[in-house]
Amino acid sequence: MAESERTDLKSPDPDNQQTASTKLGGISDGDGKNKTSIYCQRCPSLVLSPHQATLVKKEFFLPNMYQKSERAPVEGVTLIDYWRVSDMLTFDNVGFSKTVDDIKYLICADCEVGPIGWHSVHDKKAYYIAVDRVKHGR
């Protein structure tokens with residue numbers, strides 16, 4: 001897990017900078033807050049209401065998504081773009097896994113798909129939802 005956290009919207013890849021900035025700018029306002037509601041990718045469950053999270057860049061490896069009833073994957077991907085929330089009560093609908101190596105994974109509380117994000121037990125003021133693991137809409 002990377003120690004630093006950035007709130008800028010630029011992609012580290014200069015060839016992909018326009019695309020990443022445009023995509024992220026379309027879902028965040030001038031203050032870096034989520035413009036729209038954030039929903040689960042697999043069901044209509046609301047995860048976060050508008051203007052509740054801040055867009056940050058933070059490298060973190062997340063296992064591939066699966067439902068609780070499925071066998072947990074051992075493969076995953078390192079993601080960079082996350083919505084950060086400072087209070088777990090800000091979420092409209094999210095569940096937490098058991099602690100694994102000081103990390104609690106965040107899942108959809110309705111369909112139990114995840115992980116859609118993560119939380120370190122050592123930081124009580126930071127909960128992260130992966131931008132690529134949720135839907136953005138009105």
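Residues numbered from 1 in each chain as written. Predicted model: local features only at pLDDT ≥ 70, side-chain atom pairs only at ≥ 80, totals over all residues. Heavy atoms only, no water.

### Quick word on the nonpolar core
No. 1: With 17 residues, the main nonpolar core has Val-47, Leu-48, Trp-83, Phe-91, Ile-116 and Ile-129 as its most contacted residues.
No. 2: Secondary structure elements with two or more residues in this core: helix 1 (17-27), strand 2 (46-48), strand 5 (76-85) and strand 10 (127-130).
No. 3: Sequence-distant contacts of Ile-129, that is, excluding residues within four places in its chain, are made with Val-47, Asp-81, Tyr-82, Trp-83, Phe-91, Leu-106, Ile-116, Gly-117 and Val-134.
No. 4: Val-56, Phe-60, Tyr-105 and Tyr-128 belong to the second largest nonpolar core, which has eleven residues in total. (Core = buried A, V, L, I, M, F, W, Y, C linked by side-chain atoms within 4.5 Å. Buried < 20%, exposed > 50% of the residue type's maximum accessible area, 1.4 Å probe, protein only. Helix = DSSP H or I, 4+ residues; strand = E, 2+ residues; numbered from the N terminus. Contact = heavy atoms within 4.5 Å.)

### Description of the sheet that holds strand 1 (residues 37-40)
No. 1: Spatially, the three strands line up as an open sheet ordered 2-1-11, and their pairing is antiparallel. Since the sheet does not close on itself, it has two edges, and those belong to strand 2 and strand 11 (134-137), each with one partner. Within this sheet the neighbouring strands show an average axis-to-axis angle of 45°, counted without direction.
No. 2: Where strand 1 lies against strand 2, two bridges are found, and the strand directions are antiparallel. Of the residues in strand 2, the one forming a bridge with Tyr-39 is Leu-46. (Pairing = 2+ DSSP bridges. Axes fitted to C-alpha atoms, helices over the stretch in contact; angles between N-to-C directions.)

### Digging into the sheet that holds strand 9 (residues 117-120)
No. 1: With antiparallel pairing, the six strands of this open sheet are ordered in space as 3-5-10-9-7-6. In the strand order of this sheet, the two ends are held by strand 3 (54-63) and strand 6 (95-96), each with one partner.
No. 2: Inspection of the sheet shows strand 7 (residues 103-107) paired to strand 9 by four bridges, in the antiparallel sense. When the bridges of strand 9 are listed, Lys-104 appears paired with His-119.

### Section: unusual backbone geometry
Peptide bonds are, in most cases, trans, and in most cases residues other than glycine have a negative phi.
No. 1: The omega torsion of the bond from Gly-114 to Pro-115 falls at 5°, within 30 degrees of zero and hence cis.
No. 2: Take Pro-115: it is sitting in the loop between strand 8 (113-114) and strand 9.
No. 3: In this model, His-51 sits at a positive phi of 65°, which is unusual for a non-glycine residue.
No. 4: Turning to its location among the elements, His-51 is positioned in the loop between strand 2 and strand 3.
No. 5: For His-51, a relative accessible area of 45% corresponds to the partly exposed category.
No. 6: Here Asp-101, not a glycine, exhibits a phi torsion of approximately 50°, which is positive.
No. 7: Mapped onto the secondary structure, Asp-101 falls in the loop between strand 6 and strand 7.
No. 8: With relative accessibility at 72%, the residue Asp-101 sits in the exposed group.

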